[in-house]
Amino acid sequence: MTKTLPERIRVRVRDTGQASRLAVSRLDALAVAGLVAAAYLAGYLWSTDRLSVRAGLGGSVTVVDEPLARAFERTGQLQFEPVALVDLWVVRLLVSPIDVLVGATIAGLVGLNLALAYLALVQPRSCGLGAGAGAAASVPALLSGTVCCAPVIVIALGVQVSGTLLTVLPWLLPLGVVLLLGSLVYVGGLVDTENGRRVS
């Protein structure tokens, strides 16, 4: 019997949840997710001038007055006020809680997307899908990751943007998150969760 669209969506979301749990329970997939997420977050913070590398910084933490109030002050269209300065010998981090939260959320989604793409590659569903389908699954994950970074790329490159593009930039970040979630559901349906649990 053919399933209705809502039923198919429910099944796909359920499969994605199972695949995500599998990804965090396997060391290989968890390593992929962790490394990708850490690299993505570092790149996100560096491109927004929140992270820099300098010699001879020493180790110190400086916090601004009234950090909770300052955390919600905007410094630009896509950035918020830093509330702390952390120096760790060669790394300087301007801690903006909202920017870090946004970056960590996107980094987690990108990491999980690529972890599921990895599982789809090594553990594809047996219903007529080969490893090639798993490899193809990484494409939406990568594309959606680049879409959510478009505003950051524009900022990092210092590109002169028109008034029209400035009005579009704030929508690219939520669009990227939506694409990452859609990619997650797509890739999650390609993972054989039953056989995948047998591999540690």
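Described below are features of the structure shown in this document.

Quick notes on the rules
- Residues numbered from 1 in each chain as written.
- Predicted model: local features only at pLDDT ≥ 70, side-chain atom pairs only at ≥ 80, totals over all residues.
- Heavy atoms only, no water.
- Helix = DSSP H or I, 4+ residues; strand = E, 2+ residues; numbered from the N terminus.
- Buried < 20%, exposed > 50% of the residue type's maximum accessible area, 1.4 Å probe, protein only.
- Salt bridge = Lys/Arg side-chain N within 4 Å of Asp/Glu carboxyl O.
- Contact = heavy atoms within 4.5 Å.
- Expected span 1.5 Å × (residues − 1).
- Arc of directions from axis to C-beta.
- Pairing = 2+ DSSP bridges.
- Axes fitted to C-alpha atoms, helices over the stretch in contact; angles between N-to-C directions.

Brief notes about the environment of Val 191
Right, on to step 1. Along the chain, Val 191 falls in the loop between helix H7 (163–188) and helix H8 (193–196).
Right, on to step 2. Overall, Val 191 belongs to the buried group, its relative accessible area being 0%.
Right, on to step 3. Separated by 175 residues in sequence, Val 191 and Thr 16 place their C-alpha atoms 8.4 Å apart.

Quick word on the pattern of salt bridges
Right, on to step 1. Tallying each qualifying case throughout the model produces six salt bridges.
Right, on to step 2. In this structure, Arg 14 engages Asp 15 in a salt bridge whose closest nitrogen and oxygen atoms are separated by 3.1 Å.
Right, on to step 3. The class of Arg 14 is partly exposed, set by a relative accessible area of 47%.
Right, on to step 4. Between Arg 70 and Glu 81 there is a salt bridge, with its nearest N and O atoms 3.5 Å apart. A residue pair is termed long-range when its members are at least 10 positions apart, and Arg 70 in helix H3 (residues 67–70) and Glu 81 in the loop between H3 and strand S3 (84–88) qualify at eleven residues.
Right, on to step 5. Residue classification places Arg 70 among the partly exposed positions, given a relative accessible area of 27%.

Describing the side chain of Thr 16
Right, on to step 1. Turning to its location among the elements, Thr 16 is positioned in helix H1 (residues 5–25).
Right, on to step 2. Discounting residues that sit within four places of it in the chain, Thr 16 has contacts with Leu 184, Val 185, Gly 188 and Gly 189.

What about H1?
Each full turn of the α-helix corresponds to 3.6 residues, which orients residues three or four apart in the same direction.
Right, on to step 1. Here H1 spans 30 Å end to end across 21 residues, near enough to the 30 Å set by a 1.5 Å rise per residue.
Right, on to step 2. Residues of H1 that are buried: Asp 15, Thr 16, Ala 19, Ser 20, Leu 22 and Ala 23. Angularly, the buried residues of H1 cover 160° about the axis, an arc narrow enough to put them on a single face. Of the residues in H1, the exposed ones pointing more than 90 degrees away from the buried face are Arg 10, Arg 21, Val 24 and Ser 25.

Focus on the sheet that holds S3
Right, on to step 1. Taken together, four strands build an open sheet; the order of strands is S1-S4-S3-S2 and the sheet is antiparallel. Each of the sheet's edge strands pairs with one partner strand only, and the pair in question is strand S1 (51–53) and strand S2 (59–63). Recorded for the sheet is a direction-independent mean angle of 10° between the axes of neighbouring strands.
Right, on to step 2. Sheet analysis places S3 next to strand S4 (residues 91–95), joined by five bridges and oriented antiparallel. Opposite Leu 88, over in S4, you have Val 91 as the bridge partner.

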